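# Descriptive structure summary
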Amino acid sequence: MTSKYPRRKFIRDVSASALAMGSISSFSSCGLSEHEKTQKMNEQKAKGKYGIALVGLGKYSEGQLAPALQETQQCYLAGIVTGTPSKADKWKSKYRIPQKNIYDYNTFDQIRDNDDIDIIYIVLPNSMHTEYVIRAARTGKHVICEKPMAVTVEDCDRMIEACKKAGVMLSVGYRLHFEPYNVEMMRIGKEKDFGDIKTLTADNGMAEVDGWRLDRELAGGGPLMDVGIYCVQGCRYTTGLEPIAVTAQESSKTDPEKFNSIEEGLTWQMEFPNGIKAACSTSYSKEMNLLRIDAAKGWAELSPAYEYTGIKGKTSQGDMKFPQVNQQARQMDDFALAIRQNRPTPVPGEMGRQDVKILRAIYEAMETGERVEIG
Ligand code: NAD
């Protein structure tokens, strides 16, 4: 059988990716004077790029977002917010950030007076997103918030309201909407390549976890909030539909002490319109990474589905062939373009709110043992 993924399409996507990856600049040198650093910033601004300030310099900011911001075409790393002076020093020289663009959690609100910064990106533990998105909105800057958007629907409402009131755009860090294999799943679902979808399977788990992720107060829950959310997202964007109801079962704990305030693992089922059913699972003690549809005339799956790199896909008609891209660079560039073009972001606060609503319904179903309808 001929592959559904001809070379022409691959080359076109590689070109698009190469464009997105564009001028990869090395920011490894340091030793610039404050004046020279400010000049560098001004050069980026003169090119019409938007300045982004990262709030919270943990693993995701350091390992993914800052490197991605060296590849972006529409935005650049303009500032940082951190409570740790040693991190400020390290980032300042590594990324040539002038001292005037470095803030801590007390001086955060002064970003309002800084013209270098157009977008504030909140990369803090989950339960802190609400306070910092609201404070970011009040500075008059546009906002990106990491997933999960917040730990309650009420908090999401307050965040959306604050951004509306301030007249700024709010986006959630859903990088997979800019990743070719996941975009292909969206297309397959929409164009019904394999007929009507009957069932979905979505699993996402990781075996190593520590720190605030184990603390319900900061995380809002366990692996469901952190990695299970990708399964909810995957099922939503592949079907283009919203779940009507959920059921859920907590897995038994292998380490009750470590997981004393959160679930260690969870399986859940989602009912979608047209009789479509999704079977999902998440875990903090098992590696899993799958998004699959079974449809009337075939199937498609990604495994791994949600990683930063190395995503693979196949269907009942052959392997998918797409380039590996820098998802975070594409995500941030698209947000900058959305601002410039005055168009909505494809991953707005409302999408983040809907996920949190579904996550809370899954927890309710887990705790009560009942089928919970999503109104
Ligand atoms: P991390 O623990 O590595 O970093 C958290 C940062 O917050 C640290 O710099 C820490 O100093 C700071 N912080 C401030 N106040 C804190 C407090 N009271 N307790 C703990 N830390 C505090 O976490 P991370 O992996 O970078 O995750 C940060 C956010 O990014 C989370 O919301 C997470 O869900 C999200 N994330 C998203 C992706 C993605 O692919 N989109 C990947 C990883 C993380």
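Attention in this report is confined to the structure presented alongside it. (Residues numbered from 1 in each chain as written. Predicted model: local features only at pLDDT ≥ 70, side-chain atom pairs only at ≥ 80, totals over all residues.)

## Thoughts on the packing of helix α3 (residues 59-68) against helix α10 (residues 327-341)
For the pair α3 and α10, the least separation of the axes is 8 Å and the interaxial angle reads 55 degrees. Our classification of the angle between α3 and α10 gives oblique. Two packed elements cross with a definite hand, and for α3 against α10 that hand is right-handed. Along the contact surface, α3 presents Q64, L65 and A68, while α10 presents Q328, A329 and M332. The residue makeup of the contact of α3 with α10, split by class, is four nonpolar, two polar and no charged. (Axes fitted to C-alpha atoms, helices over the stretch in contact; angles between N-to-C directions. Helix = DSSP H or I, 4+ residues; strand = E, 2+ residues; numbered from the N terminus. Parallel < 35°, antiparallel > 145°, perpendicular 65-115°, else oblique. Left-handed = near helix turned anticlockwise from the far one by under 90°. Contact = placed C-beta atoms within 7 Å. Nonpolar A, V, L, I, M, F, W, Y, C, P; charged D, E, K, R; others polar.)

## Description of the sheet that holds strand β12 (residues 298-302)
Read from one edge to the other, the open sheet built from nine strands follows the order β14-β13-β12-β11-β7-β10-β9-β8-β15, with strand pairing classed as mixed. In this open sheet, the two strands that pair with only one neighbour each are β14 (318-319) and β15 (372-373). When strand β8 (residues 245-250) meets β15, the two strands line up antiparallel, connected through two bridges. Opposite V246, over in β15, you have V372 as the bridge partner. Contacts between helix α9 (residues 223-239) and the sheet are confined to β7 (197-205), β9 (265-271), β10 (277-283) and β11 (288-295), with β7 contributing the most and set at about 155 degrees to the helix. Contacts from helix α11 (residues 349-368) reach β8, β9 and β15 within the one sheet, and its direction differs from that of β8 by about 55 degrees. (Pairing = 2+ DSSP bridges.)

## Quick look at the nonpolar core
Core analysis: the biggest nonpolar cluster contains 99 residues, and I52, A53, L54, Y121, I122, V143 and I362 have the highest contact counts within it. Looking at which domains feed residues into this core, each of domain 1 (24-174) and domain 2 (176-325 + 344-373) supplies at least three. With sequence-adjacent residues up to four places away left out, L54 is seen in contact with S61, L65, A66, L77, I80, Y121 and V123. (Core = buried A, V, L, I, M, F, W, Y, C linked by C-beta atoms within 7 Å. Buried ≥ 20, exposed ≤ 12 C-beta atoms within 10 Å, placed from the backbone. Domains from an automatic or database assignment.)

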